[in-house]
Amino acid sequence: NFLSLLLSPALALGCNRYFLKLLDGKESGVREGLLGRMRIWPKALWLYVQMGVRVFLWSLLLVVPGILAAIRYSMAPYFMAQDPSVSASEAIEQSKHAMKEMKMAYFSLIISFIGWSLLANVAQMFLMIALVAAQFMQVAISAYMNAACASFFLTVSSENGMSSARRQMRDRLRQMGMDDSAIDRAGFGENPPHGDDTP
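Read on for a plain summary of the structure. Given the structure is predicted, the values throughout are model-derived calculations rather than measurements.

Procedures and definitions
- Residues numbered from 1 in each chain as written.
- Predicted model: local features only at pLDDT ≥ 70, side-chain atom pairs only at ≥ 80, totals over all residues.
- Heavy atoms only, no water.
- Helix = DSSP H or I, 4+ residues; strand = E, 2+ residues; numbered from the N terminus.
- Buried < 20%, exposed > 50% of the residue type's maximum accessible area, 1.4 Å probe, protein only.
- Contact = heavy atoms within 4.5 Å.
- Areas by Shrake-Rupley, 256 points an atom, 1.4 Å probe, with all protein chains shown as cover.
- Patch = residues over 30% accessible without salt bridge, like charges linked within 9 Å, V, L, I, M, F, W, Y side chains within 5 Å.
- Salt bridge = Lys/Arg side-chain N within 4 Å of Asp/Glu carboxyl O.
- Axes fitted to C-alpha atoms, helices over the stretch in contact; angles between N-to-C directions.
- Parallel < 35°, antiparallel > 145°, perpendicular 65-115°, else oblique.
- Arc of directions from axis to C-beta.
- Nonpolar A, V, L, I, M, F, W, Y, C, P; charged D, E, K, R; others polar.
- Core = buried A, V, L, I, M, F, W, Y, C linked by side-chain atoms within 4.5 Å.
- Phe/Tyr/Trp six-rings, centres within 6.5 Å; stacked < 30°, edge-to-face > 60°.
- Lys NZ or Arg CZ within 6 Å of the ring centre and 35° of its normal.

A word on the overall build of the protein. Each helix and strand in the protein was counted, giving nine helices and zero strands. Taking all 199 residues of the protein together, 23% fall into the buried category. Long-range pairs, those at least 24 residues apart, make up 52% of the contacts in the protein between residues at least 6 apart in sequence. Summed over its atoms, the accessible surface of the protein is roughly 14,300 Å², and 68% of this surface lies on carbon and sulfur atoms.

Another point: a nonpolar patch on the surface. A surface patch of nonpolar side chains, about 660 Å² in accessible area, is lined by Val63, Ile67, Met104, Phe107, Ile111, Ile114 and Leu118. The element that contributes the greatest number of residues to the nonpolar patch is helix α6 (residues 103-111), accounting for three residues. One can find valine 63 in helix α3 (residues 63-72).

Looking now at the packing of α3 against α6. At a minimum axis distance of 10 Å, the contact between α3 and α6 shows a crossing angle of 95°. As summarised for this structure, α3 and α6 are arranged roughly perpendicular, according to the angle between their axes. Listed contacts from α6 to Leu68, Ile71 and Arg72 of α3 are Lys103, Tyr106 and Phe107.

To continue, consider the pattern of salt bridges. Taken as a whole and assessed by the stated rule, the structure comprises two salt bridges. Residues arginine 174 and aspartate 171 are paired through a salt bridge, measuring 3.5 Å at the closest nitrogen-oxygen approach. Residue arginine 174 and its partner aspartate 171 are located together in helix α8 (residues 161-175), separated by three residues, close to a single helical turn.

Turning next to helix α5 (residues 88-98). Within the span of α5, buried status applies to Ala88, Ala91, Ile92 and Ser95. Buried residues of α5 fall within an arc of 100° about the axis and therefore sit on the same side. Where α5 is buried, its residues meet α2 (41-61), α3 and α4 (76-82).

Where helix α1 (residues 2-23) meets α2, the closest approach of the two axes is 8 Å, and the angle between their N-to-C directions is 95°. Between α1 and α2, the angle is such that the two are roughly perpendicular. Residues Leu5, Leu6, Pro9, Ala10, Ala12 and Leu13 of α1 lie in contact with α2, whose contacting residues are Trp41, Ala44, Leu45, Leu47 and Tyr48. Here the residues of the contact of α1 with α2 sort into eleven nonpolar, no polar and no charged.

In terms of nonpolar packing, the biggest core is built from 15 residues, with Leu13, Leu47, Met51, Ala76, Met80, Ala91 and Ile92 touching the most fellow members. Put simply, the parts of the chain that give this core at least two residues each are α1, α2, α4 and α5. In this view, methionine 80 contacts Leu13, Arg37, Ile40, Lys43, Ala44, Leu47, Val86, Ser87, Ala88 and Ala91; residues no more than four positions away in its chain are not counted.

Turning to the environment of isoleucine 40, a few remarks are in order. Here isoleucine 40 lies in the loop between α1 and α2. Its relative accessible area of 16% is what places isoleucine 40 among the buried residues. Residues isoleucine 40 and leucine 13, spaced 27 residues apart in sequence, show a C-alpha to C-alpha distance of 9.5 Å. In contact with isoleucine 40, not counting residues within four places along its chain, are Leu13, Met80 and Pro84.

Quick look at the packing of aromatic side chains now. Inspection of every chain in the model, using the stated rule, returns one aromatic pair. On the numbers, 5.3 Å between centres and 85° between planes, the contact of tyrosine 18 with phenylalanine 19 is edge-to-face. It is arginine 54 that lies over the ring of tyrosine 73; its NZ or CZ is 5.9 Å from the centre. Here the guanidinium or amino end of arginine 72 rests over the ring plane of tyrosine 73, the centre of that ring lying 5.8 Å away.

So, in structure tokens, the structure goes:
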């Protein structure tokens, strides 16, 4: 978690740089793109710390000023991704200037993805429910299988195991009101067809 906290800002800047280059018609790989801003990870971390503190302070007033502050500073990582020589404060100032008349447009852009996000969350919820149900089924099947194998072991490991198992099968079939002659027809009778004690 600590490494993630330290490295995520630099990786985010690398991701921003990758898409900026891609939209400019220049394909950059993982090393040049995603990892391309790892050299300035302290500066990237400081940028995100400054943005977080400023948004938090604006949020103390009300929710809306906090949202407006987040939108106002949202382009700062792109400015630093594009030009790593700028400081965190300069990137924030450039973002404030660029977003002066564009806050509503950016808000509309972000809102347009809410439907997709909700759909992804619903799909994830159903998948999680299915995964939990599958885990319960696996536990039940495993318990049933282990009990069956333990019963099989007790049958084959004792001297009169098969005879005892046959008697128990006959008793249960009679209790259910079924004809126990099916045991003899299936080869599970007291005198097996091959002369041994196994069906």
